[in-house]
Amino acid sequence: MWIRLKTALLFVALLGVGFTAAESTQAVEKSKSKHVSQKQKASSVAPKSKAVPVAKKSKHSRLAHKKSSNLAFASNASQWHETGKLVVQSGSALVIDQGGGDALYQKNASLVMPIASITKLMTAMVVLDSSPSLQAPITISDDDVDYLRGSRSRLHVGSVMTREFALLLALMSSENRAAHSLARHYPGGLPAFLSAMNIKAQSLGMRDTHFEDPTGLTSNNVSTAHDLAKMVVAAHRYPLIREFSTTSEATVDVGGRELAYRNTNPLVKNSAWDVGLSKTGYIHEAGKCLVMQARVADRPVVIVLLDSSGKQTRVGDANRIKRWMEYTQASRKLLTHASLAKEAVHVPG
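Within each chain, residue numbers correspond to sequence positions counted from 1 in written order. Local features in this predicted model are restricted to residues of pLDDT 70 or higher, and side-chain atom pairs are both shown and tallied only at a pLDDT of 80 or more, whereas totals for entire chains, interfaces and linings draw on every residue. To obtain the side-chain values, all non-hydrogen atoms of the structure were included, while hydrogens and water were left out.

**What about the overall build of the protein chain?**
The test is simple: Comment: elements are numbered from the N terminus, with helices defined as DSSP H or I runs of at least four residues and strands as E runs of at least two. Buried means the residue's accessible area, taken with a 1.4 Å probe over protein chains only, is under 20% of the maximum for its type, while exposed means over 50%, and partly exposed covers the values in between. Any pair of residues with heavy atoms lying within 4.5 Å of one another is described as a contacting pair. Per-residue and other accessible areas were derived by the Shrake-Rupley procedure at a 1.4 Å probe size, with only the shown protein chains allowed to occlude residues.
For the protein chain, the helix and strand inventory stands at 10 helices and 11 strands. Across the 349 residues that make up the protein chain, the buried fraction comes to 50%. Relative to all contacts within the protein chain whose residues are 6 or more apart in sequence, the contacts with residues 24 or more apart total 67%. Element-wise, carbon and sulfur atoms account for 56% of the exposed surface of the protein chain, whose accessible area totals about 16900 Å².

**Observations concerning the nonpolar core**
Worth spelling out the cut-off: Nonpolar cores are built from buried Ala, Val, Leu, Ile, Met, Phe, Trp, Tyr and Cys residues. Side-chain atoms within 4.5 Å join them into one set.
Counting residues in each nonpolar core, the largest one holds 62 residues, and the members touching the most others are Leu-121, Met-122, Leu-155, Met-231, Ile-241 and Val-304. Of the residues forming this core, the biggest block, eight residues, is contributed by helix α8 (residues 225-235). Ignoring any residue separated from it by four or fewer positions in sequence, one finds Met-122 in contact with Met-197, Lys-200, Ala-201, Leu-204, Met-206, Phe-211 and Met-231. Counting residues in each nonpolar core, the second largest holds 23 residues, with Val-268, Ile-303, Leu-305 and Ala-318 among its members.

**Considerations on the packing of helix α6 (residues 176-184) against helix α7 (residues 189-203)**
Rules: Where helices are involved, their axes are fitted lines through C-alpha atoms of the stretch in contact, as for all axes, and angles between N-to-C directions lie from 0 to 180°. Working definition: roughly parallel below 35 degrees, roughly antiparallel above 145 degrees, roughly perpendicular at 65 to 115 degrees, and oblique for all remaining angles. Residues are grouped as follows: nonpolar covers Ala, Val, Leu, Ile, Met, Phe, Trp, Tyr, Cys and Pro; charged covers Asp, Glu, Lys and Arg; every other residue, Gly included, is treated as polar.
The geometry of α6 relative to α7 is characterised by a closest axis approach of 7 Å and an angle of 100° between their N-to-C directions. By the criterion of interaxial angle, the relationship of α6 to α7 is roughly perpendicular. Where α6 approaches α7, its residues His-180, Ala-183 and Arg-184 are matched on the opposing element by Gly-189, Leu-190 and Phe-193. Considered class by class, the residues forming the contact of α6 with α7 number three nonpolar, two polar and one charged.

**Brief notes about unusual backbone geometry**
Of note, Asn-108 is a non-glycine position whose phi angle comes to about 50°, a positive value. Structurally, Asn-108 can be placed in the loop between β2 (103-107) and β3 (113-114). Taking relative accessible area as the criterion, Asn-108 reaches 6% and is therefore assigned buried. In this structure, Ser-174 takes a positive phi of about 55° despite not being glycine. Tracing the backbone through its elements, the reader meets Ser-174 in the loop between α5 (163-172) and α6. Take Ser-174: its relative accessible area is 14%, and that puts it in the buried class.

**Here we look at the pattern of salt bridges**
For clarity, the cut-off: We count a salt bridge whenever a side-chain nitrogen from Lys or Arg sits within 4 Å of a carboxyl oxygen from Asp or Glu.
This structure, assessed with the given rule, holds seven salt bridges. Across the pair Glu-249 and Arg-262 runs a salt bridge whose closest N-O atoms are separated by 4.0 Å. Of this pair, Glu-249 sits in strand β7 (residues 249-254) while Arg-262 is found in strand β8 (residues 257-262), placing the two residues 13 residues apart along the sequence. Between Asp-317 and Arg-320 there is a salt bridge, with its nearest N and O atoms 2.8 Å apart. Residue Asp-317 and its partner Arg-320 are both found in helix α10 (residues 313-345); the two are separated by three residues, about one turn of the helix. Arg-320 shares its class with Asp-317; the two are buried.

Geometric values such as these leave the question of function open.
Right, here's the structure in full:
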């Protein structure tokens, strides 16, 4: 029994040290390339909320960290708040249980910033709240063309499709003309739709959120990671939003033309992920954005990543969060087993 106990404790200690060393190396390498850009960003962005600190790897802190890694977690909160083991590159980030409670991880989560096409989750909810006929046809008009940024679309002016197909394209492929047309065909037109979007946001407790268009092409659509987590939880209650936002690819018949579309989030077709809802976004002012509902380490969570730079940063951050949660869960199980084994040794015979 003592041999098994020592083996389990030694394995946990080695696992914790190995993970910490890898994260430390990654942090050192990335800090060199990020140093200048972080100084520039700090001078141009409004004061941010306090970010989660990353543990410094001094000799004393490494020893302290090694010691703490071998202690059983006293509670659920302490288990998930060892944030020194997680470093994300996105400017704002939040990981929270879908059911609510304290954040498992957060970084500048209260900072108000543009949200780009994450907007389309609210657009989809407002469309569905009006109980429209999903099979009714809607037409792309010149009013749906993006003259603000000149984004491209394969939906030509005059294209006709069902409201259902437009909703699919807006959620899966972030089709701007489809989303704008859905809003324009809302009872009362675009002004009524925008009003409904902001009313819906307030009803969900999204106090730092404001919408000025249904696509996210304007930088005046703003929110925080905390507010967007509330929006993701609400959107997840809509079966059609769950289905369409996680569809990996689809072919749509538009005016006799077969158009193939793919999901803008590669993680929805990654077998290592169990994604229940997804939406990406990008404009220059917002950076790369990603929100998801997913089951990670046997628990449903909401992940919000905003202001990412680089093509793969938001996906990389999501994968780092996943590995961090899975590592923490595995460590907890090992420590629990070791604790039970130790107690069994001391049971009077």
